[in-house]
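Chain by chain, the residues:
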Amino acid sequence: MYFHCRLSSTLVAVEPNIETVMLHPLTATYYDPDQKIWSGPKCKDLYNENITLGEVIYAALSKHPQKIIQIHDVSGVKVTCAELLHNAKVLARNLLKLDLKLGDVIGLYASNWSHTTTLMLASFLCGTPVNALYPGFDKENVALLYKITRPKLIFCDVENYQIAQEVNRELNLDALVFIMNDNEGVKGLGHIKDLLLVKQSTEDQYFRYPCFDLKGDDTAIIICSSGTTGTPKGVQCSHRALLNQNVYLTLRSDSILCSFSTLYWISGVFTLVSSLTYASLRILTTEPFSPQYFLDLVRRYRITHFLGGGNFMAELIMYCDEKEIAKSLESIDTLLIGGAKVLQAVQEKKNSILACNTQRPGFCVAYGMSELSGMLSTNGGSSAIQSLDGSEGKLVANKQVRIIDKQGGNLGPNEHGEICILTPYTWPGYYNNPEATNKALRNNWLHTGDIGYFDDDGFLHVCGRDNDVFKSRNFQIYPQLIEDVIYRIPGVEECCVFGIPDFVASHLTACVVVRTNNLEGLKLTTKEIDQHVKANMGSMYHLSGGVYFVEAIPKTGSGKVQRRKVLELVMKIKEGGNNKQ
């Protein structure tokens with residue numbers, strides 16, 4: 001449904017007809033009792049298998065040159081489609097002059113600045129995937145991830161450039177480092193504005209961008225994720241998968257999108273790609289989420305589509321007046337929440353607040369993952385879609401699901417097991433990690449590590465993870481990284497990091513410790529452990545759930561820590577109010 005012809009380096013595009021696209025159900029669950037497989041609706045792809053994001057976005061922006069595509073709320077900078085396309089083309093040409101080649105990785109270690117979008121579009125045109133990190137990561141986390149992806153260029157903030165330089169040097173990356181913000185820049189380092197000043201020559205009219213030599217299954221962006229095996233990995237997301245899966249089911253060219261997520265999170269990527277492919281206005285901000293600021297943004301810009309974490313909505317309904325929320329969200333078409341299990345109480349409350357909005361989807365919950373480059377199911381998302389509070393909804397188009405037991409056998413309705421997914425799009429796997437890829441992808445089925453079941457009506461229910469990783473305020477928490485830091489403290493014999501369920505944060509990071517039977521162990525306090533973690537790790541890893549001393553850590557017969565029993569033990573300690581300092 002997407003046609004193009006080459007005119008120099010441009011495309012002529014025909015937009016998908018929305019009425020044609022909507023002929024099939026947006027979500028549905030069909031069950032085959034013989035094979036014990038659940039399937040979503042079947043539909044044709046919007047774009048052919050050889051088209052890339054760079055080509056599609058080029059065409060979309062070219063058709064709406066005077067339209068404002070982006071507004072940065074903090075700086076007030078507005079960007080039209082023509083300006084964004086021009087800057088991205090200049091940047092792409094200059095990146096290639098820096099000897100960046102097709103398939104090389106660009107590191108992004110920066111906030112949501114206006115030119116973050118310019119860099120992303122330039123990377124799509126160059127065929128050089130971006131690997132984005134959270135700008136507040138400490139040196140250990142940056143090194144952990146860039147050791148895997150080894151970027152050739154790093155774009156960072158003035159606030160974290162020293163970390164970028166140290167990691168660059170220690171890993172022998174030999175990457176050029178550029179600053180994304182602060183007009184003065186840093187002496188001795190480049191600035192992204194320096195890569196936007198070169199005037200184009202007459203030969204640019206006939207320049208062929210490297211993305212024309214890519215296929216749809218090639219990697220468009222690399223997302224940081226725990227994957228399905230519990231350690232940090234680079235998830236490769238393909239052009240084809242990102243283009244052919246509608247995260248916002250009701251998005252139109254006149255929609256207005258917003259997300260607080262940087263491109264470290266897949267939610268930030270979804271919002272960016274949706275905005276650029278539909279030429280829809282996106283509101284950017286470098287300010288953190290707060291209920292008051294969020295409602296103010298929605299009111300001022302008349303935002304229609306928002307994607308965020310469940311912790312945002314928990315904070316919103318806990319700290320704001322219901323009438324104020326309802327009034328502020330009058331413009332909202334879709335309030336899409338994902339990233340972690342959304343409590344049923346939150347779903348019920350938000351649906352109640354938006355109950356007057358019967359002609360639009362309103363509040364909906366989505367379940368997906370980076371490995372899919374899209375969603376598996378949505379609970380809501382269209383006024384025509386049946387929803388069930390507390391569930392993850394029904395399957396989106398072209399997905400199949402098996403629920404398996406420990407032996408790999410298929411389970412039926414209401415039987416709990418691991419969720420395994422079959423998608424029509426080739427997954428490139430984890431970057432430079434074939435072992436983890438083969439463990440997650442078996443016979444083309446993605447083994448998610450999530451435990452769940454389908455009820456009799458075809459609603460998917462996700463119960464939890466089958467590994468040690470958990471989320472706290474939408475950050476993936478890797479217990480072993482924190483445990484390695486705690487083990488360095490004199491007096492610690494054993495420790496176990498785990499998550500305590502929390503209404504707002506999803507989980508609070510907590511730790512149990514077995515002290516050594518000597519003077520150092522006897523003198524050890526919870527305050528000392530808490531301060532040691534704060535001094536050596538980023539804020540997302542701080543022990544907000546507390547430190548608890550125990551006599552022994554529950555383990556299996558083979559010696560594996562049983563984190564669920566650790567949680568039960570701590571709940572008893574909290575109830576009794578007994579924990580030695």
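Relevant structure appears above.
Residues numbered from 1 in each chain as written. Predicted model: local features only at pLDDT ≥ 70, side-chain atom pairs only at ≥ 80, totals over all residues. Heavy atoms only, no water.

### Some points on the pattern of salt bridges
Under the definition given, this model contains 16 salt bridges. Between Lys 139 and Glu 166 there is a salt bridge, with its nearest N and O atoms 3.6 Å apart. Taken together, the positions of Lys 139 in helix α5 (residues 139-149) and Glu 166 in helix α6 (residues 161-170) put the pair 27 residues apart, joining distant regions of the chain. Note on Glu 166: relative accessible area 29%, which makes it partly exposed. What you see here is one network of salt bridges that share partners, running through Asp 45, Asp 217 and Arg 240. (Salt bridge = Lys/Arg side-chain N within 4 Å of Asp/Glu carboxyl O. Helix = DSSP H or I, 4+ residues; strand = E, 2+ residues; numbered from the N terminus. Buried < 20%, exposed > 50% of the residue type's maximum accessible area, 1.4 Å probe, protein only.)

### Remarks on helix α14 (residues 479-486)
Taking burial as the measure, the eight residues of α14 include six buried ones, the bulk of the element. Within the span of α14, buried status applies to Pro 479, Leu 481, Ile 482, Glu 483, Val 485 and Ile 486.

### Regarding the sheet that holds strand β30 (residues 546-549)
Within a sheet, each strand pairs with its neighbour through backbone hydrogen bonds, oriented either parallel or antiparallel. Read from one edge to the other, the open sheet built from three strands follows the order β28-β29-β30, with strand pairing classed as mixed. Two strands close off the open sheet at either side, each with one partner strand: β28 (492-502) and β30. With direction set aside, neighbouring strand axes in the sheet form an average angle of 25 degrees. In terms of strand pairing, β28 meets strand β29 (residues 506-515) through 10 bridges, oriented antiparallel. What sits directly across from Val 492, in β29, is Arg 515. On top of the sheet, α14 reaches β28 and β29; it is set at about 140 degrees to β28, its chief contact. (Pairing = 2+ DSSP bridges. Axes fitted to C-alpha atoms, helices over the stretch in contact; angles between N-to-C directions. Contact = heavy atoms within 4.5 Å.)

### Regarding the pairing of strand β22 (residues 417-422)
Burial of β22 is extensive: five of the six residues sit out of reach of the surface. Here strand β21 (residues 400-404) runs beside β22; their pairing, made up of five bridges, is antiparallel. When the bridges of β22 are listed, Arg 402 appears paired with Cys 420. Pairing of β22 with strand β24 (residues 445-454), which is carried by four bridges, proceeds in the antiparallel orientation. Of the residues in β24, the one forming a bridge with Ile 421 is Leu 446.

### Re the packing of aromatic side chains
One pass over the full model with this rule turns up 21 aromatic pairs. Their ring planes at 55 degrees and their centres at 6.4 Å tell us that Tyr 134 and Tyr 264 sit as a pair that is tilted. Taken as a pair, Tyr 134 in the loop between β8 (130-132) and α5 and Tyr 264 in the loop between β14 (256-258) and α8 (266-278) lie far apart in primary sequence, 130 residues in all. Since its relative accessible area comes to 23%, Tyr 134 is described here as partly exposed. By relative accessible area, which is 4% here, Tyr 264 ends up buried. Both rings, one in Phe 260 and one in Phe 312, keep their centres 6.1 Å apart while their planes meet at 70 degrees; by these two values the pair is edge-to-face. Note that Phe 260 is positioned in the loop between β14 and α8 and Phe 312 in helix α10 (residues 310-319), a separation of 52 residues in sequence. Each of the two residues, Phe 260 as well as Phe 312, counts as buried. In textbook terms, an aromatic cluster arises when at least three aromatic residues are bridged by ring pairs, as seen for Phe 260, Phe 289, Tyr 293, Phe 294, Phe 306 and Phe 312. Positioned above the aromatic ring of Trp 445, the side-chain terminus of Arg 402 is 4.9 Å from the ring centre. (Phe/Tyr/Trp six-rings, centres within 6.5 Å; stacked < 30°, edge-to-face > 60°. Lys NZ or Arg CZ within 6 Å of the ring centre and 35° of its normal.)

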